[in-house]
Amino acid sequence: MDASSAQDLPSVTVAPFDQHDPAFIADPYPAFAAMRAQGGVHWHEEMGVAVAVSHAAASAVLRHRSLGRIWTDAKPVERFTSFNLLHRNSLLENEPPTHSRLRRLVAAAFGRGHVERLRPWIAELADRLVDELVAKVSSEGQADLLSHVAAPLPVEVIAELLGVPAGDRALLQPWSNAIVKMYEYDLAEDKQAAAEHAATEFVAYLRDLVALRRRSPGDDLVSDLVAVTDTDGAKLTEDELVATAVLLLMAGHEATVNVIGNGVQALMNHPHEWRRLVDDHALLPTAVEELIRYDSPLQLFERTATEPVTIAGHRVEPGQKIAALLGAAARDPEVFTDPDRFDITRNPNPHLGFGMGIHYCLGAPLARIEVQAALSSLARKLPTATLAAPPRRRTEFVIRGLHDLPLAAE
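About the criteria used
Residues numbered from 1 in each chain as written. Predicted model: local features only at pLDDT ≥ 70, side-chain atom pairs only at ≥ 80, totals over all residues. Heavy atoms only, no water. Helix = DSSP H or I, 4+ residues; strand = E, 2+ residues; numbered from the N terminus. Rg over C-alpha atoms; globule rule 2.2 N^0.38 Å. Buried < 20%, exposed > 50% of the residue type's maximum accessible area, 1.4 Å probe, protein only. Contact = heavy atoms within 4.5 Å. Areas by Shrake-Rupley, 256 points an atom, 1.4 Å probe, with all protein chains shown as cover. Lys, Arg positive; Asp, Glu negative; His and termini not counted. Charge placed at Lys NZ, Arg CZ, Asp CG, Glu CD. Pairing = 2+ DSSP bridges. Axes fitted to C-alpha atoms, helices over the stretch in contact; angles between N-to-C directions. Parallel < 35°, antiparallel > 145°, perpendicular 65-115°, else oblique. Left-handed = near helix turned anticlockwise from the far one by under 90°. Nonpolar A, V, L, I, M, F, W, Y, C, P; charged D, E, K, R; others polar. Patch = residues over 30% accessible without salt bridge, like charges linked within 9 Å, V, L, I, M, F, W, Y side chains within 5 Å. Salt bridge = Lys/Arg side-chain N within 4 Å of Asp/Glu carboxyl O. pLDDT = per-residue confidence, 0-100.

**Some words on the overall build of the protein**
Okay, step 1: Check the secondary structure of the protein and you find 17 helices and ten strands.
Okay, step 2: Taking 22 Å as the expected radius of gyration for a compact globule of 410 residues, we find that the protein reaches 21 Å, a close match to that expectation.
Okay, step 3: For the protein, the C-alpha atoms occupy an extent of roughly 55 × 55 × 40 Å along the three principal directions.
Okay, step 4: Residue burial in the protein is summarised as follows: out of 410 residues, 56% are buried.
Okay, step 5: Restricting to contacts in the protein with at least 6 residues of sequence separation, those with at least 24 account for 74%.
Okay, step 6: For the protein, the accessible area works out to roughly 16400 Å², and carbon and sulfur atoms hold 54% of it.
Okay, step 7: For the protein, the separation between the mean place of its 39 positive charges and that of its 55 negative charges on side chains is 3 Å.

**So, the sheet that holds strand β10 (residues 406-409)**
Okay, step 1: With antiparallel pairing, three strands are arranged side by side in an open sheet as β4-β10-β9. A single partner strand is all that each edge strand has here, and the edge strands are β4 (143-144) and β9 (385-387).
Okay, step 2: Two elements, β4 and β10, share two bridges in a ladder whose sense is antiparallel. Among the inter-strand pairings, A143 is bridged to a residue of β10, identified as L407.

**With respect to helix α10 (residues 172-180)**
Okay, step 1: Those residues of α10 that fall on the buried side of the exposure criterion are L172, W175, S176, A178, I179 and V180.
Okay, step 2: The secondary structure elements touched by the buried residues of α10 are α5 (81-88), α9 (152-162), α11 (189-215) and α13 (238-269).

**Focus on the packing of helix α15 (residues 284-294) against helix α17 (residues 364-381)**
For any two helices packed against each other, the geometry is given by the interaxial angle and the distance between the axes.
Okay, step 1: Closest axis-to-axis distance for the α15/α17 pair is 10 Å, and the angle between their directions is 110°. Considered as vectors, α15 and α17 are oriented roughly perpendicular to each other. Crossing angle aside, the handedness with which α15 passes α17 is right-handed. Residues L284, P285, V288, E289 and L291 of α15 lie in contact with α17, whose contacting residues are R368, V371, Q372, L375 and S376.
Okay, step 2: A per-class count over the contact of α15 with α17 returns six nonpolar, two polar and two charged.

**Overview of the sheet that holds strand β8 (residues 321-325)**
Okay, step 1: Read across the sheet, five strands follow the order β1-β2-β8-β5-β3 without closing on themselves; strand pairing throughout is mixed. Among the strands making up the open sheet, the edge pair consists of β1 (41-44) and β3 (67-68).
Okay, step 2: As defined by bridge partners, β1 adjoins strand β2 (residues 49-52) across four bridges and the pair is classed as antiparallel. Along β2, the bridge assignment pairs W43 with A50.
Okay, step 3: Packed onto the sheet, helix α4 (residues 55-63) meets β1, β2, β3, β5 (300-305) and β8 and runs at close to 125° relative to β8.

**Notes on a negative patch on the surface**
Okay, step 1: Negative charge collects at one region of the surface, where D18, D21, E46 and D186 lie side by side.
Okay, step 2: When you line up the elements, D18 lands in the loop between α1 (3-6) and α2 (22-26).

**Brief notes about the confidence of the model for the protein**
Okay, step 1: Here the protein shows a mean pLDDT of 91. Residues at 70 or above account for 96%.
Okay, step 2: pLDDT under 50 marks residues 1-14. Its contacts with residues more than four places away, or in other chains, come to 34 contacts.

**Regarding the pairing of β10**
Okay, step 1: Both β9 and β10 contribute to a ladder of three bridges, which runs antiparallel. Counterpart to T386 in the pairing with β10 is A408.

Listed below in structure tokens is the structure:
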């Protein structure tokens, strides 16, 4: 089904899912399937946003040029000075021409070989982290994949990419974890305050790092972001530099840790698929794509209409929002054969996990390398891995992930 045919589908009003319901958080996919069977787009009253649940409708939301990332400051603005600064200047929260300029400059800095330079380093890092996990399993009978591998791996990679000194890297994950809570709906005030506090500390830290790289450039992305110039000689402003670095950490860390966590849980729950991967490492590339599709780490991505738009029969007026439910799109039977089946050989696999259109994830190649390195190392070094206990799932809906994933060896 293509986007044009999706626009002919009716918009249906149904009882919305409850994004706070533990049963829904544990497994949202049956609710998504019920909604998708009744229409491509639904109004969610509590969240105040229309949600696209079919693959065609979600794709149309992500690609439509009259649906943009139009940043609206968190309010009251005096309480969220740093949080708003990061997003006003972010590649992700701007549309052309600002987005075009930012992406051109950031892509130019990325294009200086940083991802390929890090590929062997990432493989070695994954091996070291998995060795620590295996040693803990050997000595204590079980170990948490998230704390030993999934969480530290992307933080170390982004820190290495940015040139963050080793002694400062422990600061990054708590800042990221606090800030991304602001993307949830109906967030408690204490968590809002924690997000702003983290953003303030992160901004101050990065201003110091940018100043250091101006004085003493290195072989890192921040140095290249400082140096890169556009065709007219323009550079990134300091606020844009800071916002870019924070975006790379938050998007790179949160997505990768949850792809690994959610994905390894799926592999442990489907031991036949795990055994296939252990026996044939050539399946790693398609396995990574299936991990992203099967249990998406980012469930919802908003757009705002700049002019009237109709998606799957639902009209969105200028200033109104519509969200692509990426997890729902990833289980659409119109696109994926037997969509609830976990199949690490699935190909083609046109999931929307990295987005579409001008906001397609700039860090997708790096994320794929990280996830593949983690899976490769785990399959080689802990081939008899199994769940030691049921993992605890995080309570948030938009960013979908686990608190822990205890593994043992058979």
